[in-house]
Amino acid sequence: MGHHILVVDDDEGITEVVQIVLEGEGYVVRTATNKDELQNIINDLPDLILLDVLLSGDDGREICRKLKSDGATKHIPVIMLSAHSDASKVADAGGADDFLEKPFDVDVLIEIVARHLSSSQHVPN
């Protein structure tokens, strides 16, 4: 079975496209549209998280900081997504492992995901 990826974005169109693209690459993809759904899914830890910077009513950067400060989830690569080009600096401040600006090229998405999953395999549990 492929790597498990969690996509958290309040734009269901984005989550649907990302899910279709990544499942086509052999990944198992789950989606969430808000922090509450994320909490329910996080109990079954994914191998990588794609996280929107601005979720309805929630700050993706704060969610990222919490994930990176928790011993159970700090090893999971987090790639932040945003339509704001300057959000890459903000994503860095949130502790994200990478940043992808919307709209994104699907080939770039696939490359970034593959790179982080291959490098995370070398991290001891």
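Residues numbered from 1 in each chain as written. Predicted model: local features only at pLDDT ≥ 70, side-chain atom pairs only at ≥ 80, totals over all residues. Heavy atoms only, no water.

*Asks:* What exactly am I supposed to notice about the overall build of the protein here?
*Replies:* Along the protein, the regular secondary structure elements total five helices and seven strands. Ordering the α and β elements of the protein from the N terminus gives β-α-β-α-β-β-β-α-β-α-β-α. When each of the 125 residues of the protein is scored for burial, the buried share is 42%. In the structure as shown, the protein presents an accessible area of about 6500 Å², 49% of it carried by carbon and sulfur atoms. (Helix = DSSP H or I, 4+ residues; strand = E, 2+ residues; numbered from the N terminus. Buried < 20%, exposed > 50% of the residue type's maximum accessible area, 1.4 Å probe, protein only. Areas by Shrake-Rupley, 256 points an atom, 1.4 Å probe, with all protein chains shown as cover.)

*Asks:* How should the side chain of lysine 68 be read in this particular structure?
*Replies:* Within the secondary structure, lysine 68 sits in helix α3 (residues 60-69). Residue contacts for lysine 68: discarding those within four places in its chain leaves Lys74, Ile76, Pro77, Val78, Gly95 and Asp97. (Contact = heavy atoms within 4.5 Å.)

*Asks:* Looking at this model, I keep getting lost on the confidence of the model for the protein. Mind explaining?
*Replies:* Caution applies to low-pLDDT regions: their predicted coordinates should not be interpreted in detail. Of all residues in the protein, 86% have pLDDT values of 70 or greater, and the mean over the chain is 86. Within the protein, the lowest mean pLDDT, 66, falls on helix α4 (residues 87-93), and the highest, 96, falls on helix α1 (residues 12-24). (pLDDT = per-residue confidence, 0-100.)

*Asks:* Any chance you could explain the sheet that holds strand β2 (residues 28-32) here in plain terms?
*Replies:* Paired through their backbone hydrogen bonds, the strands of a sheet run either parallel or antiparallel. Reading across from one edge, β2-β1-β3-β6-β7 is the order of the five strands in this open sheet, with parallel pairing throughout. Strands at the two margins of the open sheet, each flanked by one partner only, are β2 and β7 (98-101). Going from strand to strand, the sheet's axes swing by 20° on average, the running direction of each strand aside. Pairing of strand β6 (residues 78-82) with β7 involves four bridges; the strand directions are parallel. Its bridge partner lying in β7, leucine 81 is registered against leucine 100. (Pairing = 2+ DSSP bridges. Axes fitted to C-alpha atoms, helices over the stretch in contact; angles between N-to-C directions.)

*Asks:* Would you explain the UniProt feature "modified residue: 4-aspartylphosphate" (unreviewed entry) in the protein in this entry?
*Replies:* Feature annotation in UniProt places "modified residue: 4-aspartylphosphate" (unreviewed entry) on Asp52, given in this structure's numbering. On the secondary structure map, aspartate 52 appears in strand β3 (residues 48-52). Other than its neighbours up to four places away in sequence, aspartate 52 contacts Val8, Asp9, Asp10, Gly60, Met80, Leu81, Ser82 and Lys102. (UniProt positions renumbered as here; feature names shortened; annotations may be inferred.)

*Asks:* Please explain a negative patch on the surface as it appears in this structure.
*Replies:* Side chains of Asp11, Glu12, Glu16, Asp36 and Glu37 sit close together on the surface and give a patch of like negative charge. By secondary structure assignment, the location of aspartate 36 is in helix α2 (residues 35-41). A relative accessible area of 55% means that aspartate 36 is categorised as exposed. (Patch = residues over 30% accessible without salt bridge, like charges linked within 9 Å, V, L, I, M, F, W, Y side chains within 5 Å. Salt bridge = Lys/Arg side-chain N within 4 Å of Asp/Glu carboxyl O. Lys, Arg positive; Asp, Glu negative; His and termini not counted. Charge placed at Lys NZ, Arg CZ, Asp CG, Glu CD.)

*Asks:* Where do I start with α1 in this structure?
*Replies:* Helix length check: α1, at 13 residues, gives a terminal C-alpha distance of 18 Å against a target of 18 Å (1.5 Å per residue), a fit within 8%. When α1 is considered as a whole, its buried residues turn out to be Ile14, Thr15, Val18, Val21 and Leu22. Buried residues in α1, looked at end-on, bunch into an arc of 135°, giving them a common side. α1 presents Glu12, Ile20 and Gly24 as exposed residues on the side facing more than 90 degrees away from its buried surface. Of the residues flanking the start of α1, the one acting as N-cap is aspartate 11, its side-chain oxygen 2.8 Å from the backbone nitrogen of glycine 13. A positive backbone phi angle near 95° is found at glycine 26, which sits one or two residues after α1. (Expected span 1.5 Å × (residues − 1). Arc of directions from axis to C-beta. Polar contact = N/O pair within 3.5 Å; in protein donor to acceptor, adjacent residues only side chain to side chain.)

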